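Structural description and commentary
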Amino acid sequence: MNALVPLPVLLPLLATGFGLTLGIRFPRGQRIVSVVVLSAVLALSVTLLIAADTGGPLAVHLGDFAPPLGITLVADRLSALMLTVSSAVTLCVLVYSLGQGMADRDDRTPIAVFHPAYLVLVSGVSCIFLAGDLVNLYVGFEIMLVSSFVLLTLGGTASRLRAGSTYVVVSLISSMIFFTAVALTYAAAGTVNFAQLALRLAELPVGVRTLLEAALLTVFAVKAAVFPLAAWLPDSYPTAPAPVTAVFAGLLTKVGVYCMLRTETLLFPGNRLGHLLLAAALASLLVGVLGAVAQTDLKRLLSFVLISHIGYMVFGIGLGTRDGIGGAIVYVVHHITVQTALFLVAGLIERRAGTTELTRVGGLARAAPALAVLFFLPALNLAGIPPMSGFIGKLQLLRAGVATADGWSYTLVAAASLTSLITLYVMAKVWNLAFWRTAPPEEPARGTVLEERDTHDDCGDETGDVHREAGGDRDRDADRDRDRERERERERERERERSRGRPAGQAVTATLFGRTITTTTDRLPATMTWATAALVLLSLAYTVLGDPFTSLTDRAAAELLERSPYIEAVLGR
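Residues numbered from 1 in each chain as written. Predicted model: local features only at pLDDT ≥ 70, side-chain atom pairs only at ≥ 80, totals over all residues. Heavy atoms only, no water.

Some remarks on the overall build of the protein chain
For the protein chain, the helix and strand inventory stands at 21 helices and two strands. Evaluated residue by residue, the protein chain yields a buried proportion of 60% over its 573 residues. Here the contacts in the protein chain between residues at least 6 apart in sequence split such that 81% fall between residues at least 24 apart. Carbon and sulfur atoms make up 65% of the accessible area of the protein chain, which totals about 21100 Å². (Helix = DSSP H or I, 4+ residues; strand = E, 2+ residues; numbered from the N terminus. Buried < 20%, exposed > 50% of the residue type's maximum accessible area, 1.4 Å probe, protein only. Contact = heavy atoms within 4.5 Å. Areas by Shrake-Rupley, 256 points an atom, 1.4 Å probe, with all protein chains shown as cover.)

This is how it looks when you write it as structure tokens:
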């Protein structure tokens, strides 16, 4: 069973090379490879979760080199659970992107880069979850950074390049801090292996341990978008297309939370910086949700809600108790699924109405009842309405705060309760504006052309939402060159329009290659809808299977705090 541990990292990388060989000549083959590989990763993740839960942590030393020389990968309850949830989410998002016709649809792109970049991203995330040492953890973050920049900036529009540049600058600064922290840790302890560090860090002076802990927490707080290190997120994610934004907001921020859980329990037990974490959780909860209240664009609103709800997870980590850690794990798993589903719903709204600006959308409850249900269920879940999984996670965190019984914990309990109420208000606001009220008079009718396009443009989705007009022989090089030149000129003109502002009724949707949807549609693509519905059903499954789910997270929390199963699995003691 240990031999299966590296496969969630290696399979996507191998598929990346195979996908690049297929390129744009065989796009369907490339899509099939991606779906098959991610399905296999999901199956492997479930297998590892069952094995880790029944038999304890699984560890493998690549190349059969023992620590501290070799690369160690470990699958315990927490890492296997995170790997399973992330695999399910990334598979659903990939299917969604295929339904939207967003993957590798631009003949100006020299290679088909969406699928390879997406698979590299999955490999990097898997590497982080399974990493058994700081160097491998650092490598996983760098793999994730490279692929993230490619996905954020596909299409090369000015807004995406600007947002992607901000993301990269922030990520590079955090990577420099991370690299410095790894070097300092090795200099102080003589190893970067987690199991060995768990034994050696306790022998270091308190000041040295605190410095190393603070450096690592800073890095992970940037990755997780913990206030005040979250200013980059609302401007970086909303410019990307819905599938990219969904997987980034739903999953990648939780990678930072996972690293905080791992290091605070395994490497730095005792919670010396617990009050600092609680202060950051308090600020994230309140600042994030108040920022969401002020937003009228659905994607930016959800981005601020994301920052706010990261505070719940940091709250549990800051408490450091078994109930607190268990509640944080419940909330991480719940939030990955629900937040991803809501961003996919935002993409469906954008496809249906041509925009996510709430002041220009209305009447969707009557016009698109299925879309209304897909928003309504995860919105209630995010707000923590009983008996949904959001309520289960929040209740466990609140109980842990009350049990701790000090000033900080009581303050966080009050702030978490207030944030939940304001989140409900924010979700009700979105419902009233986009779904419940009548459509605004400036909203374009279904099928209305929002922007003139070249008739040879090939940006339509696979379900026929955007149609190409007949005419022209695209096999002829001369005609194709003229088409491309006209499209480049139109793209430059659209960028000039965006810089001058856009009147009501015109909208720019975030397609993968920076183009715009030319018509709104009455009929949503079935693949997109079913992929979103699958994530909504997964979030509801946490409620239906509430007792087994919380029992698993409680066992994961106990294993984290006990530490010895992890150390023994790696070092063989």
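Now, onward.
A short note on the packing of aromatic side chains
Tallying each qualifying case throughout the model produces 15 aromatic pairs. Considering the side-chain rings of Tyr-167 and Phe-248, the 6.3 Å spacing of their centres and the 35° angle between planes classify their relative orientation as tilted. Here Phe-248 lies in helix H10 (residues 242–267) and Tyr-167 lies in helix H6 (residues 158–189), a separation of 81 residues in the sequence. As far as burial versus exposure is concerned, Tyr-167 and Phe-248 are alike and both buried. Here the aromatic residues Tyr-138, Phe-141, Phe-178, Phe-179 and Phe-220 are joined through ring pairs into a cluster of three or more. (Phe/Tyr/Trp six-rings, centres within 6.5 Å; stacked < 30°, edge-to-face > 60°.)

Re unusual backbone geometry
Residue Pro-228 follows Phe-227 across a cis peptide bond; omega there is 10°. One non-glycine residue, Ala-225, adopts positive backbone phi at about 60°. Position of Ala-225 relative to the elements: it lies in the loop between helix H8 (206–224) and helix H9 (233–236). The backbone phi angle of Arg-563 is positive, close to 70°, even though this residue is not glycine. Along the chain, Arg-563 falls in the loop between helix H20 (546–562) and helix H21 (564–571).

Quick look at helix H1 (residues 7–22)
For H1, with 16 residues, the first-to-last C-alpha span of 22 Å sits near the 22 Å given by 1.5 Å per residue. For H1, the complete set of buried residues consists of Pro-8, Val-9, Pro-12, Ala-15, Thr-16, Gly-19 and Leu-22. What you see down the axis of H1 is that its buried residues fit within an arc of 145°, all on one side. Among the exposed residues of H1, those pointing more than 90 degrees away from its buried face are Leu-14 and Thr-21. (Expected span 1.5 Å × (residues − 1). Arc of directions from axis to C-beta.)

Topic: the pattern of salt bridges
Opposite charge on two side chains permits pairing when their charged atoms draw close. Enumeration over the complete set of coordinates arrives at six salt bridges. As a salt-bridge pair, Asp-53 and Arg-77 come within 2.7 Å of each other at their nearest N and O atoms. Here Arg-77 lies in helix H3 (residues 77–99) and Asp-53 lies in helix H2 (residues 27–55), a separation of 24 residues in the sequence. The class of Arg-77 is buried, set by a relative accessible area of 14%. Residues Arg-555 and Asp-53 are paired through a salt bridge, measuring 2.9 Å at the closest nitrogen-oxygen approach. Placement of the pair is Arg-555 in helix H20 and Asp-53 in helix H2, with a sequence separation of 502 residues. (Salt bridge = Lys/Arg side-chain N within 4 Å of Asp/Glu carboxyl O.)

Observations regarding the environment of Ala-242
Relative to the assigned elements, Ala-242 resides in helix H10. Since its relative accessible area comes to 2%, Ala-242 is described here as buried. Along the chain, Ala-242 and Val-93 lie 149 residues apart, while their C-alpha atoms are 9.1 Å from each other.

Describing the confidence of the model for the protein chain
When the pLDDT values of the protein chain are averaged, the result is 82; 81% of them are 70 or greater. Contacts of residues 447–475 to residues separated by more than four positions or lying in other chains number 82 contacts, the stretch itself having pLDDT below 50. (pLDDT = per-residue confidence, 0-100.)

Things to note about the packing of H3 against H10
Helix packing for two helices is described by the angle between their axes and how far apart those axes are. Axis separation between H3 and H10 bottoms out at 10 Å; the angle between their running directions is 170°. In terms of orientation, H3 and H10 fall into the roughly antiparallel class. Between H3 and H10, the residues in contact are Leu-78, Ser-79, Met-82, Ser-86, Thr-90, Val-93, Tyr-96 and Ser-97 and Ala-242, Pro-243, Val-247, Leu-251, Lys-254, Tyr-258, Leu-261 and Arg-262, respectively. For the contact of H3 with H10, a count of residues per class yields ten nonpolar, four polar and two charged. (Axes fitted to C-alpha atoms, helices over the stretch in contact; angles between N-to-C directions. Parallel < 35°, antiparallel > 145°, perpendicular 65-115°, else oblique. Nonpolar A, V, L, I, M, F, W, Y, C, P; charged D, E, K, R; others polar.)

Comments concerning the layout of surface pockets
Within this model, the second largest pocket holds a volume of roughly 390 Å³. Only H2, H3, helix H19 (526–544) and H20 provide two or more residues apiece to the lining of the second largest pocket. Partitioning the lining of the second largest pocket into residue classes produces 16 nonpolar, one polar and one charged. (1 Å grid on protein atoms, 1.4 Å probe; cavity = no way out; pocket = protein on both sides within 12 Å on 5 of 7 lines; lining within 4 Å. Points joined across faces, edges and corners; volume = space filled by probe spheres on them.)

Re the environment of Val-338
One can find Val-338 in helix H13 (residues 322–353). A sequence separation of 40 residues divides Val-338 from Pro-378, and the C-alpha atoms of the two residues are 5.6 Å apart.

Remarks on the pairing of strand S2 (residues 71–75)
Among the five residues of S2, four are classified as buried, and the element is accordingly described as predominantly covered. Where strand S1 (residues 58–62) meets S2, five bridges bridge the pair, whose relative direction is antiparallel. Bridging across to S2, Val-60 finds its partner in Leu-73. (Pairing = 2+ DSSP bridges.)

Considerations on the packing of H13 against H19
Between H13 and H19, the least distance of the axes is 9 Å, while the angle of their chain directions is 155°. In this view, H13 runs roughly antiparallel relative to H19, as classed from their interaxial angle. Here H13 runs over H19; the crossing is left-handed. Of the residues in H19, those touching H13 at Val-333, His-334, Thr-337, Val-338, Thr-340, Ala-341, Leu-344, Val-345 and Leu-348 are Met-528, Thr-529, Thr-532, Leu-535, Val-536, Leu-538, Ser-539 and Tyr-542. Per-class residue counts for the contact of H13 with H19 are eleven nonpolar, six polar and no charged. (Left-handed = near helix turned anticlockwise from the far one by under 90°.)

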